[in-house]
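As a plain string of letters, each chain reads:
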Amino acid sequence: KLGDAKNANFPVDDRNAVYHLGVAKGELSSRILTVGDSERALKLKKELLEDVEEEKAHRGFVIHTGKYKGVRVSIVSIGMGTPMMDFLVREGRYVVDGPMAIIRYGTCGSIKDVEVGSLAVAESSILVRRNPDFWHCENNKDHSKCSPYDISKPVQADKELVGLLKNEFESSFKDRKTVVGINASADSFYSSQGRIDPEFDDNNEQLIDTIIEKYDNKVNTLEMETFQLYHLATRSKQPIKAAAATIILANRITQAFLDNNTKVKLEIEGGRACLEALIKINLN
Ligand code: DUR
């Protein structure tokens, strides 16, 4: 239930729980592992957490808080896309006191020559946005405003947390590759990730090549959340250390797609690697 009108700027309910995450101060750890899929979050909780607190589920967010190796952590599933990451970072920030660490562990597509089932750590992220005004551009003389997709400058992850994640992934996955580089977060799984859909006028045939060229073939991964995490973490007035790792599920060049059994195995092992990094990062 919403609070009264004076809270329209940042609504909280009667027990001061934030409007979408549904938690109040103290009900979320300052160390957060966030995933997209609520089933992945549940598996990770069952396999890896002890002293589990009451589950919180609200508006598509599911929060499991418990201990990993004696350290209190929260595993939060958010669904998909930058708006859901925005809710997590802003409302999470509101209910936690002091410095925070947030690691995203998700899935992605790759536009590099790397096998599906490899892992990726994002040392920075760019945003790829569809520009709807492009479709009104016919009579517009200013062609600089007439690009169908905008590609942002990169925003950096926390260097220390990226270093920890890279080490944990390399020691957990000795027989697999961990690539470290640039991530691209898109506002669609389809058009702004360069997927061709004959049902729509998307003007995206050149998009993957444009992304590859713009950043000298250093963009490894395409997904939908990491940019918003890095952007807000670097603009937060209190410290938020952020990093992201992904399972490479699809290769957009070879069209390969990872089998589900391997994906499930990588979810748990990679989740463990993320939690190791999350409890090792210094938050003082
Ligand atoms: N994802 C992509 N693109 C891919 C593979 C995975 O965006 O090619 C991620 C991001 C989003 C979800 O949360 O998985 C969409 O399936």
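These numbers were taken from a predicted model, which means no experiment stands behind them. (Residues numbered from 1 in each chain as written. Predicted model: local features only at pLDDT ≥ 70, side-chain atom pairs only at ≥ 80, totals over all residues. Heavy atoms only, no water.)

### Regarding the overall build of the chain
Defined as follows: The helix count covers DSSP runs of H or I at least four residues long, the strand count covers runs of E at least two residues long, and both are numbered beginning at the N terminus. For the radius of gyration, the atoms used are the C-alpha atoms, and the globule rule reads 2.2 Å times the number of residues raised to 0.38. Each residue gets one of three labels from its accessible area relative to the maximum for its type: buried under 20%, exposed over 50%, partly exposed in between, using a 1.4 Å probe on protein chains only. Pairs of residues are marked as contacts when any of their non-hydrogen atoms sit within 4.5 Å. The Shrake-Rupley method, run with a 1.4 Å probe, gives the accessible areas here. Residue values count only the displayed protein chains as cover. Charge assignment in this entry is limited to Lys and Arg as positive and Asp and Glu as negative, and neither His nor the chain termini are counted. The atom standing in for a charge is NZ when the residue is Lys, CZ when it is Arg, CG when it is Asp and CD when it is Glu.
Broken down by element type, the chain carries six helices and 11 strands. Over its C-alpha trace the chain gives a radius of gyration of 19 Å, about what one expects of a compact globule, namely 19 Å for 284 residues. Dimensions along the principal axes, computed over C-alpha positions, put the chain at roughly 55 × 55 × 35 Å. Looking at the chain as a whole, 54% of its 284 residues qualify as buried. Taking contacts inside the chain between residues at least 6 apart in sequence as the whole, the part at least 24 apart equals 76%. In the form shown here, the chain has an accessible surface area of approximately 13900 Å², with 49% of it arising from carbon and sulfur atoms. In the chain, 39 side chains carry a positive charge and 42 a negative one; their mean positions are 5 Å apart.

### Focus on the state of the cysteines
Heads up, the rule is: Any pair of cysteine sulfurs within 2.5 Å is marked as a disulfide.
Throughout the structure, instances matching the rule amount to one disulfide. Each sulfur in the disulfide pair C137 and C146 lies 2.0 Å from the other. Between C137 and C146, the S-S torsion sits near -110°, and that sign places the bridge as left-handed. As far as burial versus exposure is concerned, C137 and C146 are alike and both buried. Here C108 is not cross-linked by a disulfide; its sulfur's nearest cysteine counterpart is in C274, at 13 Å.

### Structural notes on the site of the ligand
Quick note on the threshold: Nearness is judged by heavy atoms alone; a residue qualifies as near a molecule or strand once a single heavy atom is within 4 Å of it. Two N or O atoms form a polar contact when they lie within 3.5 Å of each other; inside protein one atom must be a possible hydrogen donor and the other a possible acceptor, and for residues adjacent in sequence the pair counts only when both atoms belong to side chains. A pocket, in this scheme, is an open set of points on a 1 Å grid over the protein atoms alone with protein on both sides within 12 Å along at least 5 of 7 lines, while a cavity is a set where a 1.4 Å probe fits but cannot get out; residues line either one if an atom lies within 4 Å of a point. By definition, a pocket or cavity contains a molecule when more than half of the molecule's atoms lie within 2 Å of the pocket's grid points. Side-chain classes are defined by residue name, with Ala, Val, Leu, Ile, Met, Phe, Trp, Tyr, Cys and Pro counting as nonpolar, Asp, Glu, Lys and Arg as charged, and the others, Gly among them, as polar.
The full set of residues close to the ligand is M80, T107, C108, G109, F189, Q193, R195, L222, E223, M224 and E225. Take R195: an N or O atom from its side chain is 2.8 Å from an oxygen atom of the ligand. In this structure, E225 approaches the ligand through a side-chain N or O atom, which is 2.6 Å from an oxygen atom. Burial of the ligand by the protein chains amounts to 87% of its free accessible area of 360 Å². When each cavity is represented as a set of grid points, the ligand is found to reside in the largest pocket. Going through the elements one at a time, β5 (100-110) and β10 (219-223) are the ones with two or more residues in the shell around the ligand. Sorting elements by how many residues they give to the shell around the ligand places β5 first, with three residues. When grouped by side-chain class, the residues that make up the shell around the ligand number five nonpolar, three polar and three charged.

### A closer look at the layout of surface pockets
Here the idea is plain: a probe the size of a water molecule rolls over the atoms and shows the empty space left. Condition: Grid points are joined across faces, edges and corners, and a volume is the space filled by probe spheres set on the points.
Its boundaries defined by the atoms lining it, the largest pocket holds a volume of some 480 Å³. Lining the largest pocket are 23 residues, and of these R40, M80, T107, F189 and L249 lie nearest its centre. Residue assignment for the lining of the largest pocket shows that the elements contributing at least two residues are α1 (38-48), β5, β10 and β11 (240-251). Among the elements that line the lining of the largest pocket, the one with the most residues is β5, at five residues. Residues belonging to the lining of the largest pocket are distributed by class as follows: eight nonpolar, seven polar and eight charged.

### Examining helix α3 (residues 159-172)
We apply this condition: Residue count minus one, scaled by 1.5 Å, sets the expected span of a helix. Summarising the geometry, the arc corresponds to the directions from the helix axis toward the C-beta atoms.
The first and last C-alpha atoms of α3 sit 20 Å apart over 14 residues, in line with the 20 Å expected at 1.5 Å per residue. Of the residues making up α3, those classed as buried are L161, V162, L164, L165, E168 and F169. What you see down the axis of α3 is that its buried residues fit within an arc of 160°, all on one side. Buried residues along α3 sit in contact with β5, β6 (119-130), β9 (178-186), β11 and α6 (260-280).

### Side note on the environment of H58
Mapped onto the elements of the fold, H58 is located in strand β2 (residues 56-58). Classification of H58 as partly exposed rests on a relative accessible area of 36%. H58 sits 39 residues away from Y19 along the chain, and the two C-alpha atoms are 8.8 Å apart. Residues contacting H58, with those up to four places away along its chain left out, are Y19, H20, L21 and G22.

### Considering the nonpolar core
Across soluble globular proteins, you tend to see nonpolar side chains buried next to one another. For clarity, the cut-off: Remark: nonpolar core denotes a set of buried residues (Ala, Val, Leu, Ile, Met, Phe, Trp, Tyr, Cys) joined through side-chain atoms within 4.5 Å.
Ranked by internal contacts, the top residues of the largest apolar core, which has 66 residues, are L33, I103, Y105, L165, F169, Y230 and L275. Counting residues per element, this core draws most heavily on α6, at eight residues.

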